[in-house]
Structures are given as structure tokens and as C-alpha cells.
Amino acid sequence: MKTLIRNGRIITAVDDYRADILIDNELVSVIGAKLEMEVDLTIDAERKLVIPGGIDPHTHMELPFGGTQASDDFRTGTIAAAHGGTTTIIDFAVQTKGESMIAGLDRWHQKAEGKCAIDYGFL
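These figures come from a predicted structure and were not determined experimentally. (Residues numbered from 1 in each chain as written. Predicted model: local features only at pLDDT ≥ 70, side-chain atom pairs only at ≥ 80, totals over all residues. Heavy atoms only, no water.)

(A) Seen up close, a nonpolar patch on the surface. A cluster of nonpolar side chains, contributed by Met1, Leu41 and Ile43, occupies part of the molecular surface with about 270 Å² of accessible area. By secondary structure assignment, the location of Leu41 is in strand E4 (residues 41-44). The class for Leu41 is partly exposed, based on a relative accessible area of 37%. (Patch = residues over 30% accessible without salt bridge, like charges linked within 9 Å, V, L, I, M, F, W, Y side chains within 5 Å. Areas by Shrake-Rupley, 256 points an atom, 1.4 Å probe, with all protein chains shown as cover. Salt bridge = Lys/Arg side-chain N within 4 Å of Asp/Glu carboxyl O. Helix = DSSP H or I, 4+ residues; strand = E, 2+ residues; numbered from the N terminus. Buried < 20%, exposed > 50% of the residue type's maximum accessible area, 1.4 Å probe, protein only.)

Rendered as C-alpha cells:
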């Protein structure tokens, strides 16, 4: 699918300018002034900021603590993150006492698999 974002104010770590952005199969493929091409969807970003997605490097999805656990699971937490512009989380994979690190990581993968609305990794 090709999406064209027109007339946006593009903000990066080093630049601030107005341009169009072509996204082809979920990847930014062209940035330029007044792009003209056939696309599936055009989004008018006039008077809007176009910024890269954020990364939250410190999340606790389903974290057990004090006999309870965090209120967000990987589904609700990543949906909320996406609504706020976050495109990746790095969650803490907890290893219980006596459990191997690999077993703890495998358990966290099972919690997240098929539920995430955005990219994720583990710490």
C-alpha cells in the first residue's frame, strides 16, 4: 500500500521543514516537495507536525508486584502507546527466583505474542 502525506511540517532530530512523504509498504521511501504519484491513500497534513514515532525504553506490561500486577497488558498498553505516538516499547522481562533467564524471557514472549499493536523488545 502506498500512502502520501502532503504538506506536513517534518520534524526530525536535526531538521524542521515542509514537504510531502511517500510511505510504501510501511517504509518511508521518498521525501520531497510537491510529490506527484499514484497512491492508495493521501493524507493532508497541512498545519500538522509529522514526526518519527517515539520509543518508550521503560515499560512494565503485566509486571507482577506486591501480590498484584500492572494494569496494562501488552494489548491495552501498546494500543495506548500508539495513540500517543509511541511506535516501540522496551519492556522489562521479569525472571522469577530460581527461574533461568531464558525461561523468564520465553514467558514474556508468550505474554506479548499476537497482542501488540506496535513494535516491542525486552530488557
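(B) Structural view of the packing of aromatic side chains. The tally for this structure, following the rule as stated, stands at three aromatic pairs. Ring centres 6.3 Å apart and planes at 55° place the aromatic pair Phe74 and Tyr120 in the tilted group. Note that Phe74 is positioned in helix H1 (residues 74-83) and Tyr120 in strand E10 (residues 119-122), a separation of 46 residues in sequence. You can call Phe74 buried: its relative accessible area is 0%. A relative accessible area of 31% places Tyr120 in the partly exposed class. With 6.2 Å between their ring centres and 80° between their planes, Phe74 and Phe122 make a pair best called edge-to-face. One end of the pair, Phe74, is in helix H1; the other, Phe122, is in strand E10, with 48 residues separating them in the sequence. Note that Lys111 overlies the ring of Trp108, its terminal NZ or CZ placed 3.9 Å from the centroid. (Phe/Tyr/Trp six-rings, centres within 6.5 Å; stacked < 30°, edge-to-face > 60°. Lys NZ or Arg CZ within 6 Å of the ring centre and 35° of its normal.)

(C) Region of interest: the nonpolar core. With eight residues, the main nonpolar core is built from Met61, Phe74, Ala81, Ile89, Trp108, Ala112, Ile118 and Phe122. Going through the elements one at a time, H1 and helix H2 (101-112) are the ones with two or more residues in this core. Ignoring sequence-local partners within four residues, the contact set of Ala81 consists of Thr86, Ile89 and Ile118. Grouped together as the second largest cluster of nonpolar side chains are six residues, Ile5, Ala19, Ile21 and Ala45 included. (Core = buried A, V, L, I, M, F, W, Y, C linked by side-chain atoms within 4.5 Å. Contact = heavy atoms within 4.5 Å.)

(D) Main features of the side chain of Glu99. Topologically, Glu99 is positioned in the loop between strand E9 (86-91) and H2. Of note is the side chain of Glu99, whose polar atom sits 2.7 Å from the side chain of Arg107. Contacts of Glu99, omitting those with residues within four sequence positions, involve Val94, Gly104 and Arg107. (Polar contact = N/O pair within 3.5 Å; in protein donor to acceptor, adjacent residues only side chain to side chain.)

(E) Highlighting the pairing of strand E1 (residues 2-11). As paired strands, E1 and strand E2 (residues 16-24) are joined by eight bridges and run antiparallel to one another. What sits directly across from Lys2, in E2, is Asp24. Connecting the antiparallel pair E1 and E2 is a turn made up of four residues. Pairing analysis gives four bridges linking E1 to E4, with the strands arranged parallel. Note on E4: the bridge partner recorded for Thr3 is Leu41. (Pairing = 2+ DSSP bridges.)

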